[in-house]
Amino acid sequence: MLNAENGYENTRSIQPAAQKKKIAVLGGGPAGLEAARVAALRGHDVTLFEKTTTLGGQLNIACVPPRKEEMRRAAQDLIHAVCNAGVHLCMGQTRTAEQLKDAGFEAVINAVGAHSAAPRIPGIDSVNVADAWKVLAGEQQVYGTVAVIGGGMVGCETAEYLAARGCKVSVIEMMDKIAAGESTTILPTLLENYKTYGVEQYPSHKVKEFRMDAVVCENKDGAEVTIPCDYIVLAMGARSNEFDAAALEAASIPVYSIGDAAGKAADISNAIRTGYDTACQL
């Protein structure tokens, strides 16, 4: 399903490397897994470092919302492919640029991913404010009446997931359209489920404050709107994680940033494509 060669069979293929290199891949999400797989198949000596004890990255939460179970198999396929390609896996471990340099790596692929991010809205540190990624991962639980902040793909699918589990959900979005990123094949089903579960939508609402019992917004006319809730779930976008590559760059060891680590968080297809293309260049 996640195949960077799909549609490009005449122009993309994995070729043996002209020279074998010792390569480090930082991060075991889809970008890092794909880069490690392709680099190893090209004949390189590849070591992948993953700070947690689980491979798959955001694929492990992408498979949780309705209709997304197939993403679990995509993660399993990537993990099996990496193992079969002979990649050395270092789980629960990170490395600094200095350590990578001292270990003799000749190239480093930065696939450290991204983290969910939100502006410093008053009340954001309250105990009733949760994170959509952590909710989908099962690390945080919310109940009762829930306000999901952000009407992008993550927010909309988190809202559907929570509504299907009995929560009374509202989706609040600053832009004038909710679910703008959903495909035309999925959107009708999503909206039908919203109707079934009674999910309320608040487009063109800018959040001003989080309270213990409500979200305070401003609508497009400038009027204050108070939306009652027990919990607030943030789905307001993502920001790339940082990796300090100074020691590697000073030693003229090339560092390639891919996927969400490449300056701007994107989608899984971008992670696979950039991982594949980068590994093919080494």
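Residues numbered from 1 in each chain as written. Predicted model: local features only at pLDDT ≥ 70, side-chain atom pairs only at ≥ 80, totals over all residues. Heavy atoms only, no water.

A.B. asks: What am I meant to see in the packing of aromatic side chains here?
C.D. replies: Ring pairs (aromatic) are described by centroid distance and by the angle formed between their planes. Summed over all chains, the structure comprises two aromatic pairs. Ring geometry for F49 and F105: centres 6.1 Å apart, planes at 80 degrees, overall edge-to-face. A residue pair is termed long-range when its members are at least 10 positions apart, and F49 in strand β2 (residues 45-50) and F105 in the loop between α4 (97-102) and β4 (107-110) qualify at 56 residues. Comparing F49 with F105, the two get one shared label, buried. Geometrically, the ring pair formed by Y143 and Y231 is edge-to-face, given 6.3 Å between the ring centres and 70 degrees between the ring planes. Here Y231 lies in strand β13 (residues 231-234) and Y143 lies in the loop between α5 (132-136) and β7 (145-149), a separation of 88 residues in the sequence. (Phe/Tyr/Trp six-rings, centres within 6.5 Å; stacked < 30°, edge-to-face > 60°. Helix = DSSP H or I, 4+ residues; strand = E, 2+ residues; numbered from the N terminus. Buried < 20%, exposed > 50% of the residue type's maximum accessible area, 1.4 Å probe, protein only.)

A.B. asks: What is the right way to look at unusual backbone geometry in this model?
C.D. replies: Both trends apply: most residues other than glycine have a negative phi, and most peptide bonds are in trans. The phi dihedral of R67 falls on the positive side, at around 75 degrees, and the residue is not glycine. Within the secondary structure, R67 sits in the loop between α2 (59-62) and α3 (70-84). Given a relative accessible area of 37%, R67 falls into the partly exposed group.

A.B. asks: Explanation requested: the environment of K21 in the structure shown.
C.D. replies: Inspection of the secondary structure assignment puts K21 in the segment before β1 (22-26). Sequence separation of K21 and V207 is 186 residues, and the distance between their C-alpha atoms is 50 Å. Ignoring anything within four residues of it in the chain, the contact list for K21 reads H44, D45, E106 and L282. (Contact = heavy atoms within 4.5 Å.)

A.B. asks: Is there a simple way to think about the sheet that holds β2 in this case?
C.D. replies: By definition, the strands of a sheet pair up through backbone hydrogen bonds, in either a parallel or an antiparallel sense. Reading across the sheet, the five strands line up as β3-β2-β1-β4-β15 and stay open at both edges, with parallel pairing between neighbours. Each having just a single partner strand, β3 (88-91) and β15 (255-257) make up the two edges of the open sheet. Neighbour-to-neighbour, the strand axes of the sheet open up by a mean angle of 20 degrees, direction not taken into account. Judged from the five bridges that link them, β1 and β2 form a sheet pairing that is parallel. From the neighbouring strand, L26 faces β2, where its bridge partner is F49. Contacting β1, β2 and β4, helix α1 (residues 30-41) runs over the sheet at an angle of about 165 degrees to β2. (Pairing = 2+ DSSP bridges. Axes fitted to C-alpha atoms, helices over the stretch in contact; angles between N-to-C directions.)

A.B. asks: Explain the packing of α1 against helix α9 (residues 268-281) to me, please; I cannot follow it from the model alone.
C.D. replies: In a packed pair of helices, the relevant descriptors are the angle between the two axes and the axis-to-axis distance. One way to put it is that α1 packs onto α9 with a least axis distance of 7 Å and a crossing angle of 30 degrees. Regarding the angle of α1 to α9, the classification is roughly parallel. α1 and α9 meet at a crossing whose hand is right-handed. Seen from α1, the contacting residues are P30, A31, E34, A35, R37, V38 and A39; seen from α9, they are I268, A271, I272, G275, Y276, A279 and C280. Residue classes in the contact of α1 with α9 are distributed as eleven nonpolar, one polar and two charged. (Parallel < 35°, antiparallel > 145°, perpendicular 65-115°, else oblique. Left-handed = near helix turned anticlockwise from the far one by under 90°. Nonpolar A, V, L, I, M, F, W, Y, C, P; charged D, E, K, R; others polar.)

A.B. asks: Would you mind showing me how to read the pairing of β1 here?
C.D. replies: Successive residues of a regular strand alternate their side chains across the two faces of the sheet. Within β1, four of the five residues are buried, which leaves it mostly tucked inside the rest of the structure. Once you follow β1 into α1 and on to β2, the crossover reads as right-handed. One ladder, built from four bridges, connects β1 with β4; its direction is parallel. Bridge pairing links I23 to A107 in β4. (Right-handed = clockwise from strand over helix to strand, strands pointing away.)

A.B. asks: I keep staring at the nonpolar core and nothing clicks. Help me out?
C.D. replies: General note: in soluble globular proteins, nonpolar side chains tend to be found buried as a group. Grouped together as the largest cluster of nonpolar side chains are 30 residues, with contacts concentrated most on I23, V25, V46, L48, V87 and I109. Taken together, the elements giving at least two residues each to this core come down to β1, α1, β2, α2, α3, β4 and α9. Looking at this core element by element, the count peaks at seven residues for α1. The next biggest cluster of nonpolar side chains, apart from the first, holds 25 residues, and it includes L136, A163, V169 and L190. (Core = buried A, V, L, I, M, F, W, Y, C linked by side-chain atoms within 4.5 Å.)

A.B. asks: Hey, could you run me through the pairing of strand β10 (residues 206-210) in this one?
C.D. replies: Relative to strand β11 (residues 214-218), β10 runs antiparallel, the two sharing four bridges. Residue E209 lies in a different strand from β11, and its bridge partner there is V216. Following β10, the chain reverses through three residues before pairing antiparallel with β11.

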